[in-house]
Amino acid sequence: MNRRKNVVAAGLAATVSALALTLAGSAVPAQAAAAAGVDCDGWVHNNNPDHGIAGCSNNTDRTVTFRAEIVCGWAPDVSGQWVTLAPGQYGESSGVCAIYSSGVGSVGWTIQ
């Protein structure tokens, strides 16, 4: 009986994993298309290890909106403010981790 449950559980896990990969795979091209022509970089502030910053340049012919996504150690992650960039503009979004965090682990960005 346990062997049968294990086989069913393994089959269910494989199905869920395949479905998740399929859904994730279909979302990536849309996100990559939105990010084409937008150059971004992320860094930690020189004087404050809890402050993460993302800067983006809009090299497209349309308006784009982005925000920083900061991974904080030992504290909840934070998102920066949304920044809208006209074609050719540069802007920065930032966020600060909680005082009890171990600092910024990484800085990423989300582009709309």
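Residues numbered from 1 in each chain as written. Predicted model: local features only at pLDDT ≥ 70, side-chain atom pairs only at ≥ 80, totals over all residues. Heavy atoms only, no water.

Draft legend 1. How the structure looks around the environment of Gly73. Secondary-structure assignment places Gly73 in the loop between β3 (64–72) and β4 (78–79). Separated by 23 residues in sequence, Gly73 and Asp50 have C-alpha atoms that sit 9.4 Å apart. For Gly73, the contacting residues outside a window of four places in its chain are Ser101, Ser102 and Gly103. (Helix = DSSP H or I, 4+ residues; strand = E, 2+ residues; numbered from the N terminus. Contact = heavy atoms within 4.5 Å.)

Draft legend 2. Looking closely at the confidence of the model for the chain. On average, residues of the chain score 79 in pLDDT, and 69% of them are at 70 or above. Counting interchain partners and residues more than four positions distant, the pLDDT-below-50 stretch residues 1–31 has zero contacts. (pLDDT = per-residue confidence, 0-100.)

Draft legend 3. Just the pairing of strand β1 (residues 38–44), in detail. Looking at chain direction, β1 and strand β2 (residues 51–58) are connected through seven bridges and run antiparallel. Each bridged residue has a counterpart across the sheet, and for Trp43 the counterpart in β2 is Ile53. Between β1 and β2, which pair antiparallel and follow one another directly, the connecting turn spans six residues. (Pairing = 2+ DSSP bridges.)

Draft legend 4. Structural context of the sheet that holds β2. An order of β1-β2-β6 is seen for the three strands of this open sheet, with the pairing classed as antiparallel. A single partner strand is all that each edge strand has here, and the edge strands are β1 and β6 (90–96). The mean inter-strand angle of the sheet, taken between neighbouring strand axes irrespective of direction, is 15°. As paired elements, β2 and β6 share seven bridges and run antiparallel to each other. Across the sheet, the residue bridging to Gly52 is Gly95, located in β6. (Axes fitted to C-alpha atoms, helices over the stretch in contact; angles between N-to-C directions.)

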